[in-house]
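Inside the fold
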Amino acid sequence: MLEQIKTTAAYIKSKISIEPEIGIILGTGLGGLVKEINIKHTIPYEEIPNFPVSTVEGHTGKLIFGELGGKNVVAMQGRFHFYEGYDMQQVTFPVRVMKFLGIQKLFVSNASGGVNPNFEIGDLMIINDHINLFPSNPLIGKNMAELGPRFPDMSDAYNKDLIDKAKQVASANNIKVQEGVYAGLTGPTFETPAEYKYVFNVGADAVGMSTVPEVIVARHMGIPCFAMSIITDLGVPGKIVQVTHEEVQHVAAQAEKKMTLIMKELMKLI
Ligand code: HPA
């Protein structure tokens, strides 16, 4: 695995002329941040040795290198989900490669279902903690000591300084943001009403099918993380209606401008 990571990073380095400081994973319907990047290089996933290839509609599958908010960034346009059949190692492989490309921080976005009764459709939520409800963990197996410790601390999974700065940016721009706990589970089914209630009762504010594996792997390697979610539907009793992937993409696309602004302005502050 370590050899694969190094081979892949070496291949990518041979194709690019910048060293990215910040890695970005763009979630469902959130690819618009790419328009803000002053793009220097684009590498489709299928050209990258050892990279899985994304299969979901709305995920185009490219690594984008360029400048955003004065920082050199590498953005993943399209991520790998556990529900697509990839194992946890494959889902998180690009994050490990980004570490070897030199990233010092990881920004993540996703779409999620809100279970906090105070949330509304289209809200942005800064993720301040997570609950791993996947039936696995990407660090299961022999620990790769070159990457990080056997038993990584998770008391600070989402960096407090980045959260504070993002809240400052939001308030300076009159953007309403929620803050809360993201529960990650496999999908691909959206939740039953009983499952939404369960997720709320275990302490989450929102639920989705990504992010947790990537953040675990990033924290294993000591990378500070910042993550934001767009609440695309509500799993709140009395407000539950049918959810479709198209609706999730539609709401995400509408809220995307606000999230893009926060991410871009946050880049300038760090
Ligand atoms: N549940 C899980 N994942 C999601 C949801 C949801 O309600 N909305 C967007 N992604």
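Our structure's up above, just so we're on the same page.
Notes on the structure in this doc start here. (Residues numbered from 1 in each chain as written. Predicted model: local features only at pLDDT ≥ 70, side-chain atom pairs only at ≥ 80, totals over all residues. Heavy atoms only, no water.)

1. Notes on the side chain of T260
Our working rule: Secondary structure elements follow DSSP: runs of H or I of four or more residues count as helices, runs of E of two or more count as strands, with numbering from the N terminus. The rule is simple: take the accessible area with a 1.4 Å probe, protein chains only, and divide by the maximum for that residue type; under 20% is buried, over 50% is exposed, in between is partly exposed. Should any heavy atoms of two residues lie within 4.5 Å, those residues are counted as being in contact.
Within the element layout of this structure, T260 appears in helix α6 (residues 245-269). Judged by relative accessible area, T260 falls into the buried class, the value being 9%. Setting aside chain neighbours within four positions, we find T260 in contact with L33 and E36.

2. Points about the packing of aromatic side chains
Put simply, the test is: Stacked, tilted and edge-to-face are the three classes assigned to paired rings of Phe, Tyr and Trp, where Trp is represented by its six-membered ring and a pair needs centres within 6.5 Å; plane angles under 30 degrees give stacked, over 60 edge-to-face, the rest tilted.
Inspection of every chain in the model, using the stated rule, returns 7 aromatic pairs. Where Y45 meets F51, the ring centres are 5.1 Å apart and the plane angle is 50 degrees; that geometry is what we call tilted. For the pair formed by Y45 and F51, the shared burial category is buried. Between the aromatic rings of Y45 and F80, the centroid separation amounts to 5.2 Å while the plane-to-plane angle is 40 degrees, which identifies the pairing as tilted. Of this pair, Y45 sits in the loop between β2 (38-44) and β3 (62-68) while F80 sits in the loop between β4 (71-77) and α2 (88-101); the two residues are 35 residues apart in sequence, bridging distant segments of the chain. The residues Y45 and F80 share a single accessibility class, namely buried. Joined through ring pairs, the aromatic side chains of Y45, F51, F80, Y86 and F93 make up one cluster.

3. A look at the pattern of salt bridges
So the rule is basically this: In the sections that follow, a salt bridge refers to a side-chain nitrogen of Lys or Arg positioned within 4 Å of a carboxyl oxygen of Asp or Glu.
Counting across every chain of the model gives 8 salt bridges. The shortest N-O distance in the salt bridge between K176 and E120 comes to 3.9 Å. Here E120 lies in the loop between β5 (105-114) and β6 (124-132) and K176 lies in the loop between α3 (160-172) and β7 (177-184), a separation of 56 residues in the sequence. Taking relative accessible area as the criterion, E120 reaches 47% and is therefore assigned partly exposed. Through salt bridges with shared partners, a single ionic network connects E120, D123 and K176.

4. Some remarks on unusual backbone geometry
Residue P188 follows G187 across a cis peptide bond; omega there is 0 degrees. Positive phi values are uncommon outside glycine, yet N50 reaches one of about 75 degrees. On the secondary structure map, N50 appears in the loop between β2 and β3. You will see that N174, though not glycine, has its phi angle at about 55 degrees, which is positive. Residue placement: N174 occurs in the loop between α3 and β7.

5. Structural notes on the side chain of T211
Applied cut-off: Identification of polar contacts relies on pairs of N or O atoms within 3.5 Å, with a donor-acceptor requirement for protein atoms, meaning one able to donate a hydrogen and the other able to accept it, and with residues adjacent in sequence counted only if both atoms are side-chain atoms.
If you trace the backbone, T211 turns up in the loop between β8 (206-208) and α5 (212-220). For T211, the side chain forms a polar contact with the side chain of S210, separated by 3.0 Å. Look past the residues within four positions of T211 in its chain and what remains in contact with it is R79, V108, N110, I127, Y158, Y182 and A227.

6. Observations regarding the site of the ligand
We count it as follows: In these notes, residues near a molecule or strand are those with any non-hydrogen atom within 4 Å of it. To be clear on the numbers: accessible area is Shrake-Rupley with a 1.4 Å probe, and residue cover counts the displayed protein chains and nothing else.
Taken together, the neighbourhood of the ligand is formed by A111, S112, G113, F190, E191, Y196, V207, G208, M209, T232, D233 and V248. The contact in question runs from a nitrogen atom of the ligand to an N or O atom on the backbone of A111, over 3.3 Å. Relative to its unbound accessible area of 260 Å², the ligand is 96% covered by the protein chains. Elements with a minimum of two residues in the shell around the ligand: β5, β8 and β9 (225-234). Here the shell around the ligand takes 3 residues from β5, the largest share from any one element.

7. What about the environment of L30?
Relative to the helices and strands, L30 resides in the loop between β1 (22-26) and β2. Discounting residues that sit within four places of it in the chain, L30 has contacts with S109, N110, I230, A252, E256 and M259.

Nothing here speaks to function; it is all geometry.
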